[in-house]
Amino acid sequence: MNAPEPPRPRRNRTTIAVVAASAAVVVACAAVGYLALRDGGNDEAGPQPAPTASASASTDGTDRGAGGGGSDPLVPGWNTVVNAKRGITFDVPASWKRQSADWVSYVSENDDPDEKPLVAMMAPAVLKEKWCTSDDAEDGTPDTYALASVGTTGEQGATSAAGAAEDTARTWVYGLYTQPDRSRLTVGEPESFRTKSGVEGSLVTVTSSGTPKKGTCDTDGKAVTFAFKNAEGRFVSWTYVGAHGVQDEVSDATIRRILGTVRLFKDGDGEG
């Protein structure tokens, strides 16, 4: 039996679970088929031959987003999220649902039959998974959309923190909210940012405005990306992405407070 596909952030957005199987990393997802998490790149999923057997992570609904260790949360009552693969950890309020450490969320072009990821994030935490539900296709299968997500990404090929932050934030808003129109994006100037633990990098905010509302759940979007170097000296990033201009929109203060908890992760953190 195929594992149920988790709620997608927006239309034609896919979230997949990955789990180690022998030496390979594979996924099983009802609508997507078999994919693999590439060891390099921007934490993106790519086509892979189907193995003889497969499994999915966190299909029992268990909240294991902090799997693999991680220090205690910096904010009392919050929960810790870890992307050990990229060496990043951060905290989220208790109302955000942490996915498994092996979950990958990505966006692709709406008209791409292969759903090649434009950008992706690992180990996301999601706010209000069923924020909006609609059956715009009128096929009897409603789509469920989340209000917002936060997660982390490897920035392979990046030459600067500012460039990585802008590209990732811009792609999330385009992919989730405005495609195929890139003209409605407003890109903020890069700003220096330092987290509570002393991680320094570049922060870029991208928003959209005036996007035509073609479906019940369509809104404008907002992404805030903080790019920096991990302990290995490689560019990585943390991103918030969510609906913009709506009553339930996550406040800048909350986004900045979550961002402030970003810190470097090392194997063994939070263990015995």
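Residues numbered from 1 in each chain as written. Predicted model: local features only at pLDDT ≥ 70, side-chain atom pairs only at ≥ 80, totals over all residues. Heavy atoms only, no water.

Is there a simple way to explain the state of the cysteines in this structure?
In protein structure, a disulfide is the covalent linkage between the sulfur atoms of two cysteines. For the structure on display, the rule yields 1 disulfide. One disulfide in the model links Cys132 with Cys217; its S-S distance is 2.0 Å. Between Cys132 and Cys217, the S-S dihedral sits near -85°, and the bridge is therefore left-handed. With Cys132 in strand β11 (residues 132–134) and Cys217 in the loop between β16 (200–208) and β17 (220–229), the pair connects residues that are 85 residues apart, well separated along the chain. Classification of Cys132 by relative accessible area gives buried; the value is 14%. (Disulfide = S-S within 2.5 Å. Helix = DSSP H or I, 4+ residues; strand = E, 2+ residues; numbered from the N terminus. Buried < 20%, exposed > 50% of the residue type's maximum accessible area, 1.4 Å probe, protein only.)

I'm lost on helix α1 (residues 161–178) in this one. Help?
Taking 1.5 Å of rise per residue, the 18 residues of α1 would be expected to cover 26 Å, and the 24 Å separating its terminal C-alpha atoms lies within 8% of that figure. Burial of α1 is extensive: 13 of the 18 residues sit out of reach of the surface. (Expected span 1.5 Å × (residues − 1).)

I keep staring at the nonpolar core and nothing clicks. Help me out?
Within soluble globular proteins, side chains that are nonpolar tend to cluster in buried spots. Membership of the largest hydrophobic core comes to 29 residues, with the highest contact counts inside it found for Trp96, Phe226, Trp238 and Tyr240. Where this core is concerned, the elements lending two or more residues are β7 (88–92), β10 (117–127), β13 (148–154), β17, β18 (235–244) and α2 (252–259). The biggest single contributor to this core is β18, with 4 residues. Discounting residues that sit within four places of it in the chain, Tyr240 has contacts with Trp96, Ala148, Ser149, Val150, Lys222, Ala223, Val224, Val250 and Ile255. (Core = buried A, V, L, I, M, F, W, Y, C linked by side-chain atoms within 4.5 Å. Contact = heavy atoms within 4.5 Å.)

What exactly am I supposed to notice about the sheet that holds strand β6 (residues 79–83) here?
Strands pair in a sheet through their backbones, by hydrogen bonds, and they do so in one of two ways: parallel or antiparallel. One open sheet holds the 3 strands; their spatial order is β6-β7-β19, and the pairing between them is antiparallel. Edge strands, defined here as strands with exactly one partner in the open sheet, are β6 and β19 (263–264). Both β6 and β7 contribute to a ladder of 5 bridges, which runs antiparallel. Within β7, the position partnered with Asn83 by the bridge is Ile88. (Pairing = 2+ DSSP bridges.)

Sorry, what's going on with the environment of Ala231 here?
Mapped onto the fold, Ala231 is located in the loop between β17 and β18. Put simply, Ala231 and Arg86 are 145 residues apart on the chain and 9.1 Å apart in space, counted from C-alpha to C-alpha.

Would you explain α2 in this entry?
When we look at burial in α2, the residues that qualify are Ile255, Ile258 and Leu259. Relative to the axis of α2, the buried residues are bounded by an arc of 100° and lie together on one face. In this structure, the buried residues of α2 make contact with β7, β8 (96–98), β15 (191–194), β16, β17 and β18. (Arc of directions from axis to C-beta.)

Worth remembering: the numbers are spatial, not functional.
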